[in-house]
Amino acid sequence: MASLTLNNVKKRFGHVEVLKGIDIAIDDGDFLVLVGPSGCGKSTLLNMIAGLDSISDGEVSIGDVVINDLHPADRDIAMVFQSYALYPNMTVGQNISFGLEMRNVPKPERDRKINEVSSMLQIEHLLSRKPGQLSGGQRQRVAMGRALVRDPKIFLFDEPLSNLDAKLRVDMRTEIKRLHQRLSATIVYVTHDQIEAMTLATKIAVMKDGELQQLGSPAEVYDNPANTFVATFMGSPS
Ligand code: ADP
Ligand code: MG
């Protein structure tokens, strides 16, 4: 049974169909990278998986459970945004702890998880600071900490490194790859950076205008593009 399955998933905003029937299945431990031009529907697709946007048609399942009508908090999914979305008035520790408090996780257990995650992300020394006192890279680590601490079945990342400078992007890319391996996590990750896609992905999905053009391993997509759009977009040799 695939870990995450999208079955003919569609999204309409008013009369405009922005996702036109997406079929994707990934396995436990897959790192799926979604790429495609701006406006092709990548964020909308992630939001539907997370439950932040409603699904107009089709089904999203985790294992064999259809999650279309589940509240976001009940989906066992954590999302990391480009904009971090940290609570400015809470400390780093409180930001990471908040989701656990909402789930009534007892304090000793919360403290244990915060310690574990902050040491994994090397942010232990930042726990009492406010987000405003952090660099962009540190904020992104905190945002990842908030997702990690929940131990979700699936992580969603929407262009998490886009606001970072080039050097830090490469460092964080390495870190995300290491976390994926260490946690055997299942990840869906949006980027507009083809190198990032090729280095991180176990599978790449190339989208255009709300339609899936190709789903395959990085090598398949790069060496054996399904059409000229994929070839051009991925910079495949001709
Ligand atoms: P991407 O993340 O690939 O850049 P998006 O998923 O953000 O693309 O957007 C896909 C399309 O849906 C775009 O044309 C965008 O303008 C449109 N769209 C996204 N959100 C809304 C919304 N809330 N209402 C109307 N149209 C939207
Ligand atoms: Mg987007």
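Thresholds, definitions, all that
- Residues numbered from 1 in each chain as written.
- Chains lettered and ligands numbered in written order.
- Predicted model: local features only at pLDDT ≥ 70, side-chain atom pairs only at ≥ 80, totals over all residues.
- UniProt positions renumbered as here; feature names shortened; annotations may be inferred.
- Helix = DSSP H or I, 4+ residues; strand = E, 2+ residues; numbered from the N terminus.
- Core = buried A, V, L, I, M, F, W, Y, C linked by C-beta atoms within 7 Å.
- Buried ≥ 20, exposed ≤ 12 C-beta atoms within 10 Å, placed from the backbone.
- Contact = placed C-beta atoms within 7 Å.
- pLDDT = per-residue confidence, 0-100.
- Pairing = 2+ DSSP bridges.

Moving on, we get to the UniProt feature "domain: ABC transporter" (unreviewed entry) in the protein. Sequence positions flagged by UniProt for "domain: ABC transporter" (unreviewed entry) are, in local numbering, residues 4-234. Structurally, residues 4-234 comprises 37% helix and 26% strand, and the distance from its first C-alpha atom to its last is 25 Å.

L32 and V33 are the most contacted members of the largest nonpolar core, which has 63 residues in total. Once residues within four sequence positions are removed from consideration, V33 is found in contact with Y189, T191, A197, L200, A201 and I204.

We now examine the confidence of the model for the protein. The predicted model of the protein averages 93 in pLDDT, with 99% of residues at 70 or higher. The complex prediction reports pTM at 0.93, with the ipTM value standing at 0.98.

Across five bridges, the pairing between strand β1 (residues 4-13) and strand β4 (residues 57-62) is antiparallel. Directly across from N7, in β4, lies its bridge partner E59. Bridging between β4 and strand β5 (residues 65-66) involves two bridges; their strand directions are antiparallel. The residue of β5 that forms the bridge with S61 is V66. Between the antiparallel neighbours β4 and β5 lie two residues, among them G63 with a positive phi of about 60 degrees.

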